[in-house]
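# Examining the three-dimensional arrangement
Chain residues, written in single-letter form:
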Amino acid sequence: MKLSRNLSSISKKCVLLVAALAGISLSSCKDDDDDKKLSNDPRVRRVTVSDFSDYEFVVNDAEGIIFNYDSLPYGTRIDSLVPYIYGYASTDLLVGIKNEGSDILSLYTGSSSLDLSKPLTLVTTSEDGAHSKTYTFDLRVHKYDVDAFDWDEIATLDLAGDTIYSEKSIKYGDTYSWFVRTNLGSWVFKSTNGKEWSKKPVTAPLDVNFDNLVLCGDTLFATTTDNTVVKALASSETFEVASLGSVSIVDGILFALDNKVWYLSGSDICSYSASKAGIRKQMPEEFKSSIASGKFKTFSATSGYTTLGYIYCSSDSKADVWSVDRYGNVICLSKGVLPVRKSPIVFNYGETLGLIGGYDSSDKLNNKCFSSKNCGLDWSGDWHKDFSENVGAIAKSGIFITSEKGEMLLVGGETENGISSKVMTGRLRILKQKEEFLNSLK
């Protein structure tokens with residue numbers, strides 16, 4: 001039974017009296033039916049907040065506290081929310097609320113919004129009006145942004161120039177390799193710890209387009225600026241002319257997937273492996289139209305229990321995300337949701353797929369991040385992970401995931417002041433928080 005009158009000016013005793021009268025009224029009605037007794041249980045069984053349906057609220061009767069087990073993200077607004085409070089009886093609990101520092105108890109109807117930025121006192125009354133219980137409703141929000149990355153500079157590369165034409169980060173065994181071609185030449189920087197880096201020149205019949213570089217087994221494959229296929233051992237810096245089977249036209253290499261090199265050839269998407277039969281499928285017309293601008297970023301990433309190839313396609317006004325499975329099936333996962341980005345940085349750890357930085361539709365560098373938690377189907381702005389000031393707006397950086405928990409290396413890149421030679425390490429703040437908590441238990 002819910003009352004619509006505002007009882008903010010009455011005392012707790014009056015609220016209980018109203019509840020008791022309501023209980024007597026209900027009792028007299030039910031006597032005519034089956035003499036069912038009204039519940040004398042004032043406890044809260046469950047609390048939900050529609051804005052945070054994914055969060056579980058714990059009702060601790062022993063200590064008289066209601067709280068969310070997982071804290072809400074830093075910065076979440078909780079000053080105007082409508083919680084739903086359920087009891088154990090068939091009818092609604094009578095709920096009185098009292099703000100922190102106030103002696104005034106008001107009746108909560110379940111329809112008005114509450115300011116939950118501070119702990120709130122709840123006084124619940126049983127169906128028969130004879131019993132009450134007091135809870136503290138404490139909606140918890142992280143006090144600092146645990147979903148953000150902390151970035152620190154740990155090394156400097158011997159890298160100079162004004163423009164990065166192409167780049168790709170490749171991890172082989174314990175070695176991080178960042179291949180980059182600038183207006184001053186082509187190099188590969190290698191490291192096993194992220195702090196010390198060697199620099200070696202890359203040699204090839206023609207300039208290599210490192211955006212097309214993939215690692216398949218122990219071999220690197222790429223195309224040159226005239227779409228000639230080249231290859232090199234993963235540990236080498238010298239590329240030689242190669243082929244992808246009997247195909248004569250390669251318009252661009254996409255990624256390595258299912259131990260195969262996947263590439264575009266005319267109207268087809270194809271795969272190549274020295275030991276397995278290749279796949280050749282005609283591309284969907286919509287996909288061909290989406291990649292026609294040539295402004296796309298390709299990568300492969302874990303997706304549930306498998307790995308998918310991803311193509312982020314950017315036109316003049318929108319961006320689409322496509323996926324390719326190991327059978328060559330092409331599916332549009334997200335259409336026109338993400339903003340236009342050229343040369344963004346992509347990352348994948350755990351269930352998080354992210355896209356950050358790059359040039360926007362006005363060719364302006366940015367530091368914004370967008371992420372997906374369901375393999376690229378849904379995307380949203382993830383302001384927690386926007387690059388901080390010590391990284392800034394950047395594009396064309398090499399990136400290495402050093403821990404699936406949320407740690408990575410960011411190598412070089414193109415900034416508003418030219419090429420960056422910095423190596424930055426990024427780490428989710430929540431990892432630090434967990435470590436501090438565990439250390440406090442020792």
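In the block above lies the structure referred to throughout.
An account of the accompanying structure is given in this report. (Residues numbered from 1 in each chain as written. Predicted model: local features only at pLDDT ≥ 70, side-chain atom pairs only at ≥ 80, totals over all residues. Heavy atoms only, no water.)

A tally of helices and strands in the protein yields three helices and 32 strands. Relative to the compact-globule value of 22 Å for 442 residues, the protein shows a C-alpha radius of gyration of 30 Å, a clear excess of over 25%. Taken along its principal axes, the extent of the C-alpha atoms in the protein is 95 × 45 × 45 Å. Residues counted as buried form 46% of the 442 residues belonging to the protein. Restricting to contacts in the protein with at least 6 residues of sequence separation, those with at least 24 account for 50%. (Helix = DSSP H or I, 4+ residues; strand = E, 2+ residues; numbered from the N terminus. Rg over C-alpha atoms; globule rule 2.2 N^0.38 Å. Buried < 20%, exposed > 50% of the residue type's maximum accessible area, 1.4 Å probe, protein only. Contact = heavy atoms within 4.5 Å.)

The subject of this paragraph is the environment of Ala 274. With respect to the helices and strands, the residue Ala 274 is situated in the loop between strand E20 (268-272) and strand E21 (280-282). In this structure the C-alpha to C-alpha distance between Ala 274 and Pro 119, which are 155 residues apart in sequence, comes to 64 Å.

Looking now at the sheet that holds strand E16 (residues 229-233). Ordered by their spatial adjacency, four strands build an open sheet running E14-E15-E16-E17, and the pairing between neighbours is antiparallel. Whereas interior strands pair on both sides, the edge strands pair on one side only; in this sheet they are strand E14 (208-216) and strand E17 (240-241). Bridge analysis of E14 against strand E15 (residues 219-224) gives five bridges, and the strand direction is antiparallel. By the bridge assignment for E15, Val 214 is matched with Phe 221. (Pairing = 2+ DSSP bridges.)

Attention now moves to the sheet that holds strand E19 (residues 260-265). Reading across from one edge, E18-E19-E20-E21 is the order of the four strands in this open sheet, with antiparallel pairing throughout. Edge positions in the open sheet fall to strand E18 (252-257) and E21, since each of these has one partner strand only. Taken pair by pair, the neighbouring strands of this sheet meet at an average axis angle of 20°, ignoring direction. Where E19 meets E20, five bridges bridge the pair, whose relative direction is antiparallel. Looking at E20, one finds that Trp 262 is bridged to Ser 271. (Axes fitted to C-alpha atoms, helices over the stretch in contact; angles between N-to-C directions.)

Now for the environment of Ser 361. The residue Ser 361 is located in the loop between strand E27 (352-356) and strand E28 (369-372) in this model. For the pair Ser 361 and Ala 155, spaced 206 residues apart in sequence, the C-alpha to C-alpha distance is 32 Å. Apart from the residues within four sequence positions on either side, Ser 361 is in contact with Asp 316 and Val 340.

In this section: the packing of aromatic side chains. Enumeration over the complete set of coordinates arrives at 14 aromatic pairs. With a centroid separation of 6.1 Å and 75° between ring planes, the pair formed by Phe 57 and Phe 137 is classed as edge-to-face. Of this pair, Phe 57 sits in strand E2 (residues 57-60) while Phe 137 sits in strand E8 (residues 132-138), and the two are 80 residues apart along the sequence. Take Phe 57 and Phe 137: they sit in the same class, and that class is buried. Pairing Phe 149 with Tyr 349 gives two aromatic rings, centres 6.1 Å apart and planes at 85°, and the pair type is edge-to-face. (Phe/Tyr/Trp six-rings, centres within 6.5 Å; stacked < 30°, edge-to-face > 60°.)

Following the criterion strictly, the structure yields 19 salt bridges and no others. When the shortest N-O distance is used, the salt bridge between Lys 199 and Asp 158 registers 3.6 Å. Here the residue Lys 199 occupies a position in strand E13 (residues 198-201), and Asp 158 occupies one in the loop between strand E9 (149-156) and strand E10 (164-172), the gap between them amounting to 41 residues. Residue Arg 181 pairs with Asp 207 through a salt bridge whose shortest N-O separation is 3.6 Å. Placement of the pair is Arg 181 in strand E11 (residues 175-182) and Asp 207 in the loop between E13 and E14, with a sequence separation of 26 residues. With relative accessibility at 14%, the residue Arg 181 sits in the buried group. Several salt bridges converge on common partners, so that one network encompasses Glu 286, Lys 318, Asp 320 and Lys 335. (Salt bridge = Lys/Arg side-chain N within 4 Å of Asp/Glu carboxyl O.)

What is shown is where atoms sit, not what they do.
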